[in-house]
Amino acid sequence: MGKLEEADDKLKFADYLIHRDNFSDYATAITKHLLDAANKAVSANFGLDGTSISHIFINKKLSEGSREEREFSGSYLALWKLAVNPQPAKGDIEKAMARVKTFVGYVKGRQIL
């Protein structure tokens, strides 16, 4: 399974959990899945290997990239902060999910070209 397929799986699971009645029980797990999906998409986008790539390195690569990559750079930092928040708000998680889905779509589009 490729990194983008893994990212899609993480997004699907996060989407499933966010719509559960007891959202607050799963909030931190959802943010972890979103961060994992973002990391896999960034890794696929830049052809990075390895399982543990520094968020500082990822943000640096994004901030030096295309317009879409630079835009996601700020979202990535916000997602990282959200993932370490013990009580993330549902609205913040939904925004982060939309941004990660958009970036995964961007990476998929680049790979088709």
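Conventions adopted
Residues numbered from 1 in each chain as written. Predicted model: local features only at pLDDT ≥ 70, side-chain atom pairs only at ≥ 80, totals over all residues. Heavy atoms only, no water. pLDDT = per-residue confidence, 0-100. Helix = DSSP H or I, 4+ residues; strand = E, 2+ residues; numbered from the N terminus. Salt bridge = Lys/Arg side-chain N within 4 Å of Asp/Glu carboxyl O. Buried < 20%, exposed > 50% of the residue type's maximum accessible area, 1.4 Å probe, protein only. Phe/Tyr/Trp six-rings, centres within 6.5 Å; stacked < 30°, edge-to-face > 60°. Lys NZ or Arg CZ within 6 Å of the ring centre and 35° of its normal. Expected span 1.5 Å × (residues − 1). Contact = heavy atoms within 4.5 Å.

Chemist: What am I meant to see in the confidence of the model for the protein chain here?
Modeler: For residues with low pLDDT, the predicted coordinates do not support detailed interpretation. Taken over all residues, the pLDDT of the protein chain has a mean of 91, while the share at 70 or more is 96%. Mean pLDDT values over the elements of the protein chain span from 88, in helix α3 (residues 55–63), up to 96, in helix α1 (residues 3–18).

Chemist: In this structure, what is going on with the pattern of salt bridges? I would like to understand it.
Modeler: Once their charged atoms are close, side chains differing in charge can pair, the charge on each being opposite to the other. According to the stated counting rule, one finds 8 salt bridges in the structure shown. Lys108 is the salt-bridge partner of Asp8, the closest N and O atoms lying 2.5 Å from each other. Of this pair, Asp8 sits in helix α1 while Lys108 sits in helix α5 (residues 90–112), placing them 100 residues apart in sequence. Its relative accessible area of 21% is what places Asp8 among the partly exposed residues. For Asp36, the salt bridge goes to Lys32, with nearest N and O atoms at 3.0 Å. In this pair, Asp36 and Lys32 both sit in helix α2 (residues 23–46), 4 residues apart, roughly one turn of the helix. On the accessibility criterion, Asp36 (19% relative accessible area) is buried. One continuous salt-bridge network, built from bridges that share partners, spans Lys10, Lys32 and Asp36.

Chemist: Before we go on, may I ask you to explain the packing of aromatic side chains in this structure?
Modeler: The description of an aromatic ring pair rests on the distance of the ring centres and on the angle between the ring planes. Applying the stated criterion across every chain, the model contains 4 aromatic pairs. Summarising the aromatic geometry, the rings of Phe72 and Tyr76 are spaced 6.4 Å apart at their centres and angled 55° between planes, so their arrangement reads as tilted. Pair noted here: Phe72 and Tyr76 are both in helix α4 (residues 67–83), with a separation of 4 residues, about one helical turn. Just as Phe72 is buried, Tyr76 falls in that class too. Between Phe72 and Phe103, the aromatic rings sit 4.2 Å apart at their centres with planes inclined by 5°, giving stacked as the arrangement. Of this pair, Phe72 sits in helix α4 while Phe103 sits in helix α5; the two residues are 31 residues apart in sequence, bridging distant segments of the chain. Cluster of aromatic residues (ring-pair linked, three or more members): Phe72, Tyr76, Phe103 and Tyr106. Over the aromatic face of Phe23 sits the side chain of Lys90, whose NZ or CZ is 5.5 Å from the ring centroid.

Chemist: Would you mind showing me how to read α5 here?
Modeler: Three- or four-residue spacings in an α-helix give side chains the same orientation, since the helix completes a turn every 3.6 residues. Here α5 contains 23 residues, and its C-alpha end-to-end distance of 33 Å stays within 8% of the 33 Å for a straight helix at 1.5 Å per residue. Buried-residue contacts for α5 involve α1, α2, α3 and α4.

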